[in-house]
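Tertiary structure, described
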Amino acid sequence: MGCVYVQRLKLRRDFLREFSVFLSSLSTAVRYRSADIAVLVNSCGELFSFPEDDYSQPFSKMWQITIADFQKRWRLNGTDMALLREFGDGLGTTDVEGQLSHIALYQGMFSKQQSGAEDDILQKSKLYKSLGLFAGVSAALMFL
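Residues numbered from 1 in each chain as written. Predicted model: local features only at pLDDT ≥ 70, side-chain atom pairs only at ≥ 80, totals over all residues. Heavy atoms only, no water.

With that settled, the discussion passes to unusual backbone geometry. Here the phi dihedral of Arg75 falls at roughly 60 degrees; this positive angle occurs in a residue that is not glycine. Tracing the backbone through its elements, the reader meets Arg75 in the loop between helix H4 (70-74) and helix H5 (78-90). By relative accessible area, Arg75 is classed as partly exposed at 36%. (Helix = DSSP H or I, 4+ residues; strand = E, 2+ residues; numbered from the N terminus. Buried < 20%, exposed > 50% of the residue type's maximum accessible area, 1.4 Å probe, protein only.)

Enumeration over the complete set of coordinates arrives at 13 aromatic pairs. Between Phe48 and Phe70 the ring centres are 5.5 Å apart and the planes differ by 35 degrees, which places this aromatic pair in the tilted class. Here Phe48 is found in the loop between helix H2 (37-43) and helix H3 (59-67), whereas its partner Phe70 is found in helix H4, with 22 residues between them in sequence. For Phe48, a relative accessible area of 0% translates into the label buried. According to the relative accessible area criterion, Phe70 is buried, its value standing at 1%. When the centroid spacing of 5.4 Å and the interplanar angle of 65 degrees are considered together, the rings of Phe87 and Tyr106 count as edge-to-face. With Phe87 in helix H5 and Tyr106 in helix H6 (residues 96-143), the pair connects residues that are 19 residues apart, well separated along the chain. Just as Phe87 is buried, Tyr106 falls in that class too. Through pairs of rings, three or more aromatic residues link up here, namely Phe15, Phe19, Phe22, Phe48, Phe59, Trp63, Phe70, Trp74, Phe87, Tyr106 and Phe110. (Phe/Tyr/Trp six-rings, centres within 6.5 Å; stacked < 30°, edge-to-face > 60°.)

Note on placement: Thr66 falls in helix H3. For Thr66, a relative accessible area of 15% gives the class buried. Among the polar contacts listed, one links the side chain of Thr66 to the backbone oxygen of Met62, at a separation of 2.8 Å. If near-sequence neighbours (up to four positions away) are discounted, Thr66 is found in contact with Phe48, Ser49 and Phe50. (Polar contact = N/O pair within 3.5 Å; in protein donor to acceptor, adjacent residues only side chain to side chain. Contact = heavy atoms within 4.5 Å.)

See below:
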């Protein structure tokens, strides 16, 4: 059981790492390509994929639909999800320089979240594994 909880911590860390790479790619795409924000987001990684027939919808709605299951799938906390929602709400609403500033701002915020996820793994992984082992040994002793 302890290993399951450690795996959950690692899922969150892995998402935050991938999202950091996505933000860097998106920044480059916004700077050098002129396309709809949904097309740019779609082209910058596997985390986000919008069906091409949905491009008629507002970007913020497509973003909210796409990230709806991220909390469960990636084991994100409430702060992570709030940042994701806010990021998507502000994306595509200003000119190129505004978009680059927006992306840079959220790169810093998600970098802090990633550092927190790394710290959680260091602090909690041994505890979770020890508690799982202790629970297993306790259950085995009860059966004897």
